[in-house]
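One-letter residues, chain by chain:
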Amino acid sequence: MLCHKLPGQFVQQTTQFNIIAPFFCDNPVIGFSHDSLILPMSVVITAATLQLSYSNRCFTGIGLEGTLAYSCYQIGRLAVPLQIGVQLLPTLFRDFKNLYPEIELEVVEAGGIDSLRMIENEELDLAVTNYDDSFSPNLHYRKLFKSEACFCTYPDHPLAQKKYVDTKDIANEPLVLLNGGFFVNRLIYQNFQQALTAPKVILHSSQLHTVKNLISSQIASSFLMRQAITASDNIIPLSLKKPLFINSGIVTKRGRQIYGDEQKLIEFIYDNQPLG
């Protein structure tokens, strides 16, 4: 059985409940003996337990004498794609944690479609991601900004000094594209299809670092979201003649309860959103 140490807070309402250590386990009942039951968060009840209930944040045990133990922890589970994470993740791990040290963050780097599926399956609380609001009626979409997918190349490239590029100008350009960016990649392929051509993709990579290295090495160009490029990358992002935009925002499961810690996380992201 897998147990995870958590910084949960325990509210002791009777002297019959003692804290051993703050642990959360996959199974609601960790162990049982003649006169004690060990529950998640390691609450020991010194009487046989008649009822036990728990949610993904709170645990309740009711003993024979009607005594009650109640324990909660605060945790935010979210998905952030690689490109949005360039600006957002440092802010979350530094500034959000300074504001709310009691809230633990569980962050998964996942592309738009993968993160939306995890939200739908309730594996995560929310995602800050690119999305198409027709993906699923079971999801609630809160738009943050429109992200621009740019043609990204090295400073010495013949097109680097242009204000924008036409899709036909880059039809023979070797490209490296990020895996997992379903909505962005679909937008790129649709754009080439409309220009009656196809992108010359030499590699699909799951690593943003690899994509940027290949651009810096003048081996290939790419399509990346504008906010994924920093000054230190030495990469030139160029708009297309007909710019490519996609919605980016916060996605949660429709009808699912929003806990207080999640609301704090959502409000923080709204106030500190990456530049689109």
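Analysis parameters
Residues numbered from 1 in each chain as written. Predicted model: local features only at pLDDT ≥ 70, side-chain atom pairs only at ≥ 80, totals over all residues. Heavy atoms only, no water. Salt bridge = Lys/Arg side-chain N within 4 Å of Asp/Glu carboxyl O. Buried < 20%, exposed > 50% of the residue type's maximum accessible area, 1.4 Å probe, protein only. Helix = DSSP H or I, 4+ residues; strand = E, 2+ residues; numbered from the N terminus. Pairing = 2+ DSSP bridges. pLDDT = per-residue confidence, 0-100. Contact = heavy atoms within 4.5 Å. Core = buried A, V, L, I, M, F, W, Y, C linked by side-chain atoms within 4.5 Å.

Draft legend 1. Structural detail: the pattern of salt bridges. Applying the stated rule across the entire model yields nine salt bridges. Note that K97 and E104 form a salt bridge whose closest N and O atoms lie 3.6 Å from each other. Overall, E104 belongs to the partly exposed group, its relative accessible area being 31%. Close ionic contact of K253 with E122 constitutes a salt bridge, the shortest N to O distance being 3.3 Å. Here the residue K253 occupies a position in strand 20 (residues 244-253), and E122 occupies one in the loop between helix 2 (112-120) and strand 13 (126-131), the gap between them amounting to 131 residues. On the accessibility criterion, K253 (21% relative accessible area) is partly exposed. Shared partners join several salt bridges into a network, and the residues in it are R77, D125, R256 and E262.

Draft legend 2. Structural detail: unusual backbone geometry. If you check the backbone angles, E122 has positive phi at about 60 degrees while not being a glycine. On the basis of relative accessible area, E122 is assigned to the partly exposed category, the value being 41%. Of note in this structure, N234 is not a glycine but carries a positive phi near 55 degrees. Of the residues examined, N234 reaches a relative accessible area of 52% and is grouped as exposed.

Draft legend 3. Broad picture of the pairing of strand 20. Buried residues dominate strand 20, accounting for eight of its ten residues. The pairing of strand 13 with strand 20 spans five bridges and is classified as antiparallel. Its bridge partner lying in strand 20, N130 is registered against S248. For strand 14 (residues 139-153) and strand 20, the ladder comprises ten bridges, and the chain directions are antiparallel. For R142, the partnering residue across the bridge sits in strand 20 and is I250.

Draft legend 4. The confidence of the model for the chain, seen in detail. Across the chain, the average pLDDT comes to 76, with 71% of residues at 70 or higher. Every residue in residues 1-73 scores below 50 in pLDDT, and together they form 147 contacts with partners more than four places removed in sequence or on other chains.

Draft legend 5. Layout of the pairing of strand 18 (residues 222-225). Of the two faces of strand 18, the one carrying S222 and L224 and the one carrying F223 and M225 are both buried. Of the strand pairs in this sheet, strand 14 and strand 18 are connected by four bridges, and their pairing is antiparallel. Directly across from C150, in strand 18, lies its bridge partner L224.

Draft legend 6. Representation of the side chain of N191 in the model. Structurally, N191 is set in helix 3 (residues 182-194). Apart from the residues within four sequence positions on either side, N191 is in contact with T167, L240 and L244.

Draft legend 7. Just the nonpolar core, in detail. If you look at the biggest cluster of nonpolar residues, it comprises 48 residues, and the most contacted ones within it are L78, L92, V128, F151, F223 and I269. In terms of residue count, the dominant contributor to this core is strand 14 (six residues). Non-local contacts of V128, meaning those with residues more than four positions away in its chain, are made with L78, A79, V80, P81, I84, L88, L144, G249, I250 and I269. By size, the runner-up hydrophobic cluster in this structure holds twelve residues, among which are C152, L208, V211 and L214.

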